[in-house]
Amino acid sequence: MADFLSTYGSLIVSMILAAMLGLSLYLPLMSGQLSLAGAGFYALGGYIAAILSTKVFTTYSGDLYPVSYVLIEMIVAGIAAGALAVIVGILALRLRGVYLALATIAFVEILRVLSLNIDITGGAIGIFGVPQPFGTPIEYLWIALPMLLLSMLFVYRLERVRTGRALIAIREDELAAESIGINPTYHKVLAFMLSAILAGCVGALSAHVLNTWNARQGTFDAAIGHLAFVLVGGSRTFAGPVVGGLALTLLPEALRQLAGINGLPPWLAQFLREGRLILYGLLIVLGAINFPQGLITPAMFKHHRAAKDPTT
Amino acid sequence: MDATLLLQQILNGLAIGSVFALFALGYTLVFSILRVINFSHAAVFTLGAYFTYALTGGAFGFNGLLANAQLPFGLPFPVALVLGNILAGLTAMGIERLAFKPLRARGADPLLALVSSLGVAVVIVNLIQYLVGAELYTFPAETYGALPPAVNFGTAEHPVQVRTTQLIMFVVSLVVLIALTLFINRTKIGTALRAVAEDETTARLLGIDTDKLILLTFFLSGFLGGIAGTLVGASVSISGPYFGIAFGLKGLAVIILGGLGSIPGAVVGGLAIGLAESFVPGQYVAYKEAVAFAFLFIALLIRPQGLLGRAVIRKV
Amino acid sequence: MSKQRSFVVNLMVAVSASALILAACSSATTPNAAVSPTTAPGADAKGDAIPIGIGVAQTSNVALFGQDQVAGAKIAEKWINDNGGINGTPIKLVLQDTAGDENGAINAFQSLINQSKVVAIVGPTLSQQAFAADPIADKAKVPVVAPSNTAKGIPQIGPYIQRVSAPVNAVAPNALKAALKANPDIKKVAVAYAQNDAFSKSETVVFQSVVTSELKLELVTVQTFQTTDTDFTTQATNLLNAKVDLVVISGLAADSGNLVKQLRDLGYKGLIVGGNGLNTPNLFTVCKAQCDGIFVAQAYSADTDNPVNKAFRDAYMADQKKTPSQFAGQTFTGVQVIAEALRAVDKKSKLSGMTLEQIRTELNSTLKSGMKFTTPLGVISFDNQGEILQTQFYVAQVKMDADGKAGKFVFLNN
């Protein structure tokens, strides 16, 4: 067990972080807004934590960086990301569908290029030597797991209160929602801001988990990855992005481990080692085709008594 | 800014912009018919360049399953360009059958096609690497025969040098664009394509075989994307299996800027981004990528449906 | 309530199934003996071969370097085992792909350390990845020899980290002096660098300060590009308009090669100096005949005159049909210094009588003891921080065949 935890500690923590990034993308999607800006807020949060912990909070007693400082960084990152999100949101949320997706990608790219060019973010090398609040990677679960559970609980509740229902109403039909007195702009910006706060907090924690932060963290690729979490997991219930984030982060590592099993024919072991991403891509295609609603669908909750659905 | 520099920058912008346009048209064609973005398009761009390289008799490197592979013959570049990208077009048809049709058949969320085509892109990129390694490949210097490396559009004192490969990029793109426009506007199949793009259900009621047309669209898309990849590959080099991925995002910016599903929009968008990038002053070249996207962001705020896109009527 | 339960059940099934897969795999791959490798298929391990981890990028867009590093490491494995292994016990490489990202590097390192129980790791490919993964190895007290991390601060990550890749300030200036020797009339200089590449960015700082402070030349323009760029007409045009006598480029092979090609196409006739990123035969396939004459700063030269380099070079040429690159040479060196330090440890007290932890600690202190290694990089040692002390740096000039198909680095004596 100790061996298992030391080998997979980092992986388990990164799976949980991925689940939260999925949730972050899911929030605006509740109101039908496909925003990929999360990667940018994630990058921003990471930079804030990396800068605070290496340049500001440099005096503390003991070997380990105080957990309370990490929490402060996360709060600062959340506030900064939320504030920026309100500005970007008011500007961009007039756009719809793919246009909004691309506008938010433009935002992510602009942030990336900025972080490559200004001094405080360390250019291409980024910021390194981010201090560790824990002795082993698995202990990050003390922060990550409650954070995931809280954000899941939050979104779960949100889906059932007035504000959340308003978001879903906007997704289903914006004009109809507006006609019954829902303010679409307010609700969309709200969802966008909540999403940014979550992404910013996750970024702040990730900077510690990764020991370092650089411009390669918040990119187009990362944003598309987060989108895949949601769509593979299921975009109609908060559980979908969580499962999608966990599964898609685990998959390449599980394939890596398959290659190490004793007694495989050499060609197969070699294929698994060097070609495992081919399988990964293939599984994504097959997953999308066979589970067009995502792995987790709302139907699973509603008809669980009669759940004879062979796909579960 | 003096006149020669201005002219130089316009020529540079047009050359790269025309390739952006060619590449982006592949996205646009598929989008206009299926209302989905095909994320595997950038991988097909790469594949087209590899196919053409192989057909010209180029040798592969010393890594991967097919280490040292080389065809026993070498075709002249123009022939290889056409044949190689017919292969790219056929691959795109295969992608349609594998990753798009099953989703349509199940009536899935169109967004899901993003994910399945993304999966296909991952497969293609890694398959290339598994088979022929991550090496760089360059077309031989004699690809364009005895043409000089650059042509001077200015005077001896005020040279406006344009590389021959850029001119070829521009000319080939232009020819393909014109041919495509004629095909879509003047032929029966083109009319049918436009009908499907306008309203698939009605088109089907009119007896148009939409399934065949979708296949044709993917073929055209793959063919155009592959040509764009080959032209860029011949102008610079094929920088490995991830060659096209950097273009993927740029291509998306182009079609959004031009207006989704609009063919003239893709051309205008491509040229606009090419020109915008070439006018970034030297000392700010570090911000070049950001300029293209800031341009896009602002353009979208002013015209949410893109430069030449039609405003979509929202349902009431 | 039933709704929540249904979800919780689903989630638990998903997570526990994943955990089971991993657990099954980890038990399948974790051998009982402490120092015994995962017997990967095709290995003729006699059961007790000493595992050395190679964690480099075999996939992703940095695989171009990673695959060369793997080639170098494999040649080292064979060469060491052909020469008696570790006093009779063979070594065995365990390869784990780091891909190109930080998470991938962390996962690969964790797997090498905890599952494969390697005595030391050679890797990762990128400096950014090193900043993420090296602290983990350092905390686990597993020696790391970095084969290609040149950023400032790598050996300072911790006592278990060392590198065989010389930092940029040691390598870069020589090439400038060689160019000035070739044309003493150089007055105006332009610099171009890949702005998203950590190495190029630090290298250009060194280049620029040598140009202005040491050589007192006029720095007319600084151009930047991205390693992923393919179109360099803007930069090339700007460089031409600046009417300089020397262009200094810091970048990687593909982007720099393209910049050179486009610069020459447009009629640039002056000299070109390339940074260490251009020190790879991959450059030749990009700019072909137009590569001719570029001065390149080298941390590894295939012409190094010692028997180890000769053995390495011959094996590499037989395998890859081209002269070895710096990436392959440095990775070979990484494996070699680990093996030679292990031999020294074994001479003092038998490895078979030591625990894995003792071997790792002893190996690390031996590496840092100032022990001298004769490697393809020349005679090297490490200082007490883990920084490489390399005595020989090189400047070469690219010489292409008339048809531009093949080329070589011609070693310059300066």
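Cut-off values and rules
Residues numbered from 1 in each chain as written. Chains lettered and ligands numbered in written order. Predicted model: local features only at pLDDT ≥ 70, side-chain atom pairs only at ≥ 80, totals over all residues. Heavy atoms only, no water. Salt bridge = Lys/Arg side-chain N within 4 Å of Asp/Glu carboxyl O. Helix = DSSP H or I, 4+ residues; strand = E, 2+ residues; numbered from the N terminus. Buried < 20%, exposed > 50% of the residue type's maximum accessible area, 1.4 Å probe, protein only. Pairing = 2+ DSSP bridges. Right-handed = clockwise from strand over helix to strand, strands pointing away. Expected span 1.5 Å × (residues − 1). Phe/Tyr/Trp six-rings, centres within 6.5 Å; stacked < 30°, edge-to-face > 60°. Contact = heavy atoms within 4.5 Å. Buried area = accessible area lost by both parts, 1.4 Å probe. Axes fitted to C-alpha atoms, helices over the stretch in contact; angles between N-to-C directions. Domains from an automatic or database assignment. Polar contact = N/O pair within 3.5 Å; in protein donor to acceptor, adjacent residues only side chain to side chain. Nonpolar A, V, L, I, M, F, W, Y, C, P; charged D, E, K, R; others polar. Disulfide = S-S within 2.5 Å. 1 Å grid on protein atoms, 1.4 Å probe; cavity = no way out; pocket = protein on both sides within 12 Å on 5 of 7 lines; lining within 4 Å. Points joined across faces, edges and corners; volume = space filled by probe spheres on them. Core = buried A, V, L, I, M, F, W, Y, C linked by side-chain atoms within 4.5 Å. pLDDT = per-residue confidence, 0-100.

**So, the pattern of salt bridges**
Okay, step 1: Evaluated as defined, the whole model comprises 26 salt bridges over all chains.
Okay, step 2: For Lys188(A), the salt bridge is made with Glu174(A), and the minimal N-O distance between the two is 3.2 Å. Separated by 14 residues along the polypeptide, Lys188(A) in helix α8 (residues 184-210) and Glu174(A) in helix α7 (residues 174-179) bring together distant segments of the chain. Residue Lys188(A) shares its accessibility class with Glu174(A), and that shared class is buried.
Okay, step 3: If you follow the salt bridges from partner to partner, you end up with Glu96(B), Arg97(B), Lys101(B), Arg104(B) and Asp211(B) in one network.

**Comments concerning the pairing of strand β7 (residues 218-225) of chain C**
For a regular strand, side chains alternate in direction, first toward one face of the sheet and then toward the other.
Residue and element names in this part refer to chain C.
Okay, step 1: Inspection of the sheet shows strand β6 (residues 188-194) paired to β7 by 7 bridges, in the parallel sense. By the bridge assignment for β7, valine 191 is matched with valine 222.
Okay, step 2: With helix α7 (residues 198-214) bridging β6 and the parallel β7, this β-α-β connection has right-handed handedness.

**Side note on helix α9 (residues 245-258) of chain B**
An α-helix turns once per 3.6 residues; consequently, residues spaced three or four apart project the same way.
Residue and element names in this part refer to chain B.
Okay, step 1: Here α9 contains 14 residues, and its C-alpha end-to-end distance of 20 Å stays within 8% of the 20 Å for a straight helix at 1.5 Å per residue.
Okay, step 2: Judged by how many residues are buried, α9 sits mostly within the fold: 12 of 14 residues are covered.
Okay, step 3: Those residues of α9 that fall on the buried side of the exposure criterion are Phe247, Gly248, Leu249, Lys250, Gly251, Leu252, Ala253, Val254, Ile255, Ile256, Leu257 and Gly258.
Okay, step 4: Directly after α9, the chain includes glycine 259, whose backbone phi takes a positive value near 110°.

**Points about the packing of aromatic side chains**
Residues and elements named next belong to chain B.
Okay, step 1: Counted by the stated rule, this structure contains 36 aromatic pairs over all chains.
Okay, step 2: Between the aromatic rings of phenylalanine 45 and phenylalanine 243, the centroid separation amounts to 5.3 Å while the plane-to-plane angle is 35°, which identifies the pairing as tilted. Of this pair, phenylalanine 45 sits in helix α2 (residues 41-55) while phenylalanine 243 sits in the loop between α8 (210-235) and α9, and the two are 198 residues apart along the sequence. Across the pair, exposure class does not vary: phenylalanine 45 and phenylalanine 243 are buried alike.
Okay, step 3: Relative to phenylalanine 223, the ring of phenylalanine 219 has its centre 6.1 Å away and its plane inclined at 10°; by these criteria the two rings are stacked. Highlighted residues: phenylalanine 219 and phenylalanine 223, both in helix α8, separated by 4 residues, approximately one helical turn. Each member of the pair, phenylalanine 219 together with phenylalanine 223, is buried.

**Quick look at the interface of chain A and chain C**
Okay, step 1: Facing 52 residues of chain A, the contacting portion of chain C comprises 56 residues.
Okay, step 2: Buried area between chain A and chain C, both sides added, is near 4,500 Å², and the carbon and sulfur share of it is 59%.
Okay, step 3: For chain A, the biggest contributors to the area lost against chain C are Ile125(A), Arg216(A) and Arg256(A); these three give 13% of the whole.
Okay, step 4: Counting across the chain A and chain C interface gives 3 salt bridges.

**Describing the sheet that holds strand β5 (residues 161-163) of chain C**
Residue and element names in this part refer to chain C.
Okay, step 1: Read from one edge of the open sheet, 5 strands run β2-β1-β3-β4-β5, paired in parallel fashion. The sheet terminates laterally at β2 (91-97) and β5, the two strands that pair on one side only.
Okay, step 2: Here 7 bridges tie strand β1 (residues 50-56) to β2, and the two strands are oriented parallel to one another. Looking across to β2, one finds that proline 51 is bridged to lysine 92.
Okay, step 3: Taken strand by strand, helix α3 (residues 102-115) contacts β1, β2, β3 (121-122) and β4 (144-146), and its axis lies near 150° from that of β2.

**Here's the deal with the domain arrangement of chain C**
All names here are of chain C.
Okay, step 1: Considered domain by domain, chain C is made up of domain 1 (3-29 + 36-166 + 306-382) and domain 2 (170-298 + 394-411).
Okay, step 2: Listed per partner, the contact involves 11 residues of domain 1 and 11 residues of domain 2.
Okay, step 3: Both sides together, the interface formed by domain 1 and domain 2 hides about 990 Å², and carbon and sulfur atoms give 56% of it.
Okay, step 4: Scanning the region where domain 1 abuts domain 2 turns up 0 salt bridges.
Okay, step 5: In this structure, the connection of domain 1 to domain 2 is made through 2 residue pairs in polar contact (both at pLDDT 80 or more).
Okay, step 6: Class assignment of the residues belonging to the side of domain 1 that touches domain 2 gives a composition of 5 nonpolar, 5 polar and 1 charged.

**Some words on the interface of chain A and chain B**
Note: interface size is frequently given as the accessible area lost on complex formation between the parts.
Okay, step 1: The partner chain B presents 45 residues to the 45 residues of chain A that form the contact.
Okay, step 2: Around 4,100 Å² of area is buried between chain A and chain B when both sides are counted, 78% of it from carbon and sulfur atoms.
Okay, step 3: At the boundary of chain A and chain B, one finds 0 salt bridges.
Okay, step 4: Summed over the shared surface of chain A and chain B, the number is 3 residue pairs in polar contact (both at pLDDT 80 or more).
Okay, step 5: Among the elements of the structure, α3 (67-92), α4 (97-117), α7, α9 (220-233), α11 (266-274) and α12 (276-290) of chain A are those that each provide at least two residues to the side of chain A that touches chain B.

**Observations regarding the environment of Tyr140(A)**
Residue and element names in this part refer to chain A.
Okay, step 1: Checked against the element boundaries, tyrosine 140 lands in the loop between β1 (127-128) and α5 (141-158).
Okay, step 2: As a C-alpha pair, tyrosine 140 and leucine 205 span 65 residues in sequence and 8.7 Å in three-dimensional space.
Okay, step 3: A polar atom in the side chain of tyrosine 140 sits 2.7 Å from the side chain of glutamine 132.

**What to know about the state of the cysteines**
All names here are of chain C.
Okay, step 1: In total, this model carries 1 disulfide over all chains according to the counting rule given.
Okay, step 2: Across a sulfur-sulfur distance of 2.1 Å, cysteine 287 and cysteine 291 are joined as a disulfide pair. The disulfide joining cysteine 287 to cysteine 291 has a torsion of about 105° about its S-S bond and is therefore right-handed. Comparing cysteine 287 with cysteine 291, the two get one shared label, buried.

**So, the sheet that holds strand β13 (residues 388-390) of chain C**
Residues and elements named next belong to chain C.
Okay, step 1: If you walk across this open sheet you meet the 3 strands as β11-β12-β13, and the pairing is antiparallel. Each edge of the open sheet carries a strand with a single partner, namely β11 (373-375) and β13. Each strand of the sheet is rotated relative to its neighbour by a mean of 35°, with strand direction disregarded.

**Quick word on empty space enclosed by the protein**
A probe matching the size of a water molecule, rolled over the atoms, marks out where space remains unfilled.
Residues and elements named next belong to chain C.
Okay, step 1: Tallied over the entire structure, the rule returns 9 cavities of 30 Å³ or more.
Okay, step 2: Taken as a whole, the second largest cavity spans an internal volume of roughly 290 Å³.
Okay, step 3: Taken together, 18 residues make up the lining of the second largest cavity; nearest its centre are Ser148, Thr150, Phe199, Leu252 and Phe327.
Okay, step 4: Sorting the residues of the lining of the second largest cavity by element identifies α4 (127-139), α7 and α12 (326-348) as the ones contributing at least two each.
Okay, step 5: With 3 residues, the top contributor of residues to the lining of the second largest cavity is α12.
Okay, step 6: Residue classes in the lining of the second largest cavity are distributed as 6 nonpolar, 11 polar and 1 charged.
Okay, step 7: Residue contributions to the lining of the second largest cavity reach at least three from each of two domains, namely domain 1 (3-29 + 36-166 + 306-382) and domain 2 (170-298 + 394-411).

**With respect to the nonpolar core**
Okay, step 1: Leu23(A), Leu36(A), Phe41(A), Leu205(A) and Leu296(B) are the most contacted members of the largest nonpolar core, which has 221 residues in total.
Okay, step 2: No other element matches the 17 residues that helix α1 (residues 2-30) of chain A contributes to this core.
Okay, step 3: When near neighbours in sequence (up to four residues on either side) are disregarded, Leu296(B) contacts Leu102(A), Ala106(A), Ala253(B), Ile256(B) and Leu257(B).
Okay, step 4: Judged by nonpolar contacts, the second largest core, of 70 residues, contains Ala120(C), Val145(C), Leu217(C) and Val337(C).

**Section: the side chain of Arg276(A)**
Okay, step 1: Here Arg276(A) is to be found in helix α12.
Okay, step 2: Setting aside residues no more than four positions away along its own chain, Arg276(A) makes contact with Pro252(A), Leu255(A), Arg256(A), Phe271(A) and Asp97(C).

**Thoughts on the confidence of the model for chain A**
Okay, step 1: Mean pLDDT for chain A: 91, with 97% of residues reaching 70 or above.
Okay, step 2: This stretch, residues 305-312 of chain A, has a pLDDT under 50; its non-local contacts, to residues over four places away or in other chains, come to 2 contacts.

**A look at the environment of Lys141(C)**
Residue and element names in this part refer to chain C.
Okay, step 1: Locating lysine 141 in the fold gives a position in the loop between α4 and β4.
Okay, step 2: Separated by 99 residues in the primary sequence, lysine 141 and leucine 240 have C-alpha atoms spaced 52 Å apart.
Okay, step 3: Ignoring sequence-local partners within four residues, the contact set of lysine 141 consists of Tyr160 and Arg360.

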